Amino acid sequence: MDITAHAFKANAKAALGDAQLQRALSGLPGGLVAQRTAARAKLPEFEALRDIGRDIKNHTLANLDLYLEAWETKARAAGAHVHWAPTAADARQIILDICQAANARIVTKGKSMISEEVGLNAHLQAAGMEVVETDLGEYLVQIRKETPSHIIAPAIHLTQDQVEQDFRRLHTHLPRDRVLSEAPQLVDEARQILRQKFISADVGITGANFLIAETGSSVIVTNEGNGDLTQSLAKTHIVIASIEKVVPTLEDVSTLIRLLARSATQEISTYTTFSTGPRRPGDTDGPENYHVVILDNGRTALLGTPFREALRCIRCGACMNHCPVYGAVGGHAYGFVYPGPIGAVINPAIIGLKEAAHLPNASTFCGRCESVCPMKIPLPKLMRDWRTLEFADGGGTLAARAGLKLWAYFARRPRVYHMAARLGITALGLAGRSRGAFRWLPLAGAWTRHRDMPAPQGQTFQQLWAEHKAGVPR
Ligand code: SF4
């Protein structure tokens, strides 16, 4: 994919002016947000589960090498081929080699953000293979030559009308007078198309929500059943997963799945499928070959840093569903695979802080993301940590850096700070007395371009607080 995280400001501006996108995003509060609220309300022990989930992941990350080795031993014993991919390029090449060895012409895929991260589709297509996304949302963005705009709802930026238009443009072999005005009719049509692909596929590729060290299994959690058809009908099944997907036991996975489903869309996902090696004698279905490609791509380097907390992420999407910035600009504005608050934290680690520096700055710091995150990842703190690193690396505009230095000067000298605040407030109060607000202020153009800045009235907060503590009546 073309990475445009460096152009976040321009992307966001275009998104805000896109009426169709704004219509599509307006469904977020009544959709995914309301669904999570309802599902969470039916689980009284949800908060206790969050603590347990966080502890499971923290323990696993502290012993990641041991659990990955334990998983590999069990997976190989079950007949899996295990491949370690330090970089995205390694992962692409390993998967291309497996597909070519299988003489693959058609490759079906379940939804996998890791495959998006490594740019897998383009690599296989360049080698002459037909790659078909089988998750409905992924299929919709693929036929539009777009990328997913959400990690669990890839086509959330599209309206039903757009989907109908795309199907009529693309599925020209179907009757022109067919009715496609209802969502089930669109789903039926996609099913018709995709069933043929499942049957003819030579290789099926899926991601993995979890890898289980105790059993050597990979786990996918889906709602459409496309992942199961992808992995069981083709002769070769390839799983692509990143290192932090491993967890110790089946019981741990059960706990995390309870959190995942409710944080994403509903009480329980429709399909939760465990794969342990290829088809065995007596099995009625399943692949003859089962490969697992484990991607690092910069994650090991996070383990010894504060950003390791982001590796607890189970990709539920709750943080972006509740983020006012994501809700205003959608996922494509972030310019890389992972949008929203979790994207603002992990994208700089994957594509570099220079490319992704805008993302940790694109936050109101309202804290909703952290409050809904099932794994209790301190997302606002981690965004602040990236800002600190950006400043230390000499990033940011000259004006922003000068402003921060000036503020730091006063912040280190509380008495001078309070005096300057009192003087500034008094001066601004006098200057804005006639209108009660400013249409323009030096150094505040980003605010006054879009709305008036209210003129200060009365005392500073510190003055009011001092009087409150002294018991001054009001
Ligand atoms: S950071 Fe938390 S809320 Fe966001 S996707 Fe990951 S687990 Fe879900």
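Notes on the structure follow.

As a further point, take the overall build of the protein. Across its full length, the protein carries 24 helices and twelve strands. Whereas a compact globule of 474 residues would reach a radius of gyration of roughly 23 Å, the protein reaches 25 Å, a difference of no more than 12%. Considering only C-alpha atoms, the protein reaches an extent of 85 × 60 × 45 Å along its principal axes. Contacts in the protein between residues at least 24 apart in sequence constitute 71% of all its contacts with a sequence separation of at least 6. Of the roughly 23000 Å² of accessible surface on the protein, a fraction of 56% belongs to carbon and sulfur atoms.

A separate point is helix H16 (residues 340–351). In an α-helix there are 3.6 residues to a turn, and that puts residues three or four apart on one side. The terminal C-alpha atoms of H16, which comprises twelve residues, lie 16 Å apart, in line with the 16 Å expected from a rise of 1.5 Å per residue. Within H16, ten of the twelve residues are buried, leaving the element largely enclosed by the surrounding structure. Following H16 by one or two positions, Gly352 adopts a phi angle in the positive range, close to 100 degrees.

The next point concerns the sheet that holds strand E8 (residues 246–247). With mixed pairing, the four strands of this open sheet are ordered in space as E8-E5-E6-E9. Each edge of the sheet is formed by a strand with only one pairing partner; in this case those strands are E8 and strand E9 (271–275). Pairing of strand E5 (residues 210–212) with E8 involves two bridges; the strand directions are parallel. Residue pairing for E8: Leu211 is matched across the bridge by Val246.

Right, let's talk about the pattern of salt bridges for a bit. Scanning the entire structure with this criterion turns up 23 salt bridges. As a salt-bridge pair, Arg50 and Glu47 come within 3.0 Å of each other at their nearest N and O atoms. Here Glu47 and Arg50 lie together in helix H4 (residues 46–62), a separation of three residues that amounts to about one turn. For Glu47, a relative accessible area of 33% corresponds to the partly exposed category. Note that Arg169 is salt-bridged to Asp166, the shortest N-O span being 3.0 Å. In this pair, Arg169 and Asp166 are both assigned in helix H10 (residues 160–170), three residues apart and thus about one turn of the helix distant. Among the residues examined, Arg169 registers a relative accessible area of 46% and is labelled partly exposed. According to the relative accessible area criterion, Asp166 is buried, its value standing at 8%. Each member of the salt-bridge network shares a partner with another, and the members are Asp51, Arg54, Asp55 and Lys376.

Next up on the list: the sheet that holds strand E2 (residues 106–109). As summarised here, the arrangement of the six strands in space is E1-E10-E7-E4-E2-E3, forming an open sheet in which the pairing is parallel. On the outer flanks of this sheet lie strand E1 (81–85) and strand E3 (130–133), each paired with one strand and no other. Mean inter-strand twist for the sheet, computed between neighbouring axes without regard to direction, equals 20 degrees.

With that settled, consider the site of the ligand. Neighbouring the ligand are 13 residues; Cys313, Cys316, Gly317, Cys319 and Cys373 lie closest to it. Partitioned by chemical class, the residues of the shell around the ligand number eleven nonpolar, one polar and one charged.

Further remarks concern the packing of H4 against helix H13 (residues 250–264). Contact geometry of H4 with H13 gives a least axis separation of 10 Å together with a crossing angle of 125 degrees. Comparing their axes, H13 and H4 come out oblique. Crossing angle aside, the handedness with which H4 passes H13 is left-handed. For the pair formed by H4 and H13, the contact residues are Phe46, Leu49, Arg50, Ile52, Gly53 and Ile56 on the first element and Asp252, Thr255, Leu256, Arg258, Leu259, Arg262 and Ser263 on the second. Residue composition of the contact of H4 with H13, grouped by class: six nonpolar, three polar and four charged.

Quick notes on the rules
Residues numbered from 1 in each chain as written. Predicted model: local features only at pLDDT ≥ 70, side-chain atom pairs only at ≥ 80, totals over all residues. Heavy atoms only, no water. Helix = DSSP H or I, 4+ residues; strand = E, 2+ residues; numbered from the N terminus. Rg over C-alpha atoms; globule rule 2.2 N^0.38 Å. Contact = heavy atoms within 4.5 Å. Areas by Shrake-Rupley, 256 points an atom, 1.4 Å probe, with all protein chains shown as cover. Expected span 1.5 Å × (residues − 1). Buried < 20%, exposed > 50% of the residue type's maximum accessible area, 1.4 Å probe, protein only. Pairing = 2+ DSSP bridges. Salt bridge = Lys/Arg side-chain N within 4 Å of Asp/Glu carboxyl O. Axes fitted to C-alpha atoms, helices over the stretch in contact; angles between N-to-C directions. Near = heavy atom within 4 Å. Nonpolar A, V, L, I, M, F, W, Y, C, P; charged D, E, K, R; others polar. Parallel < 35°, antiparallel > 145°, perpendicular 65-115°, else oblique. Left-handed = near helix turned anticlockwise from the far one by under 90°.

Function-wise, these values are silent; they only describe arrangement.
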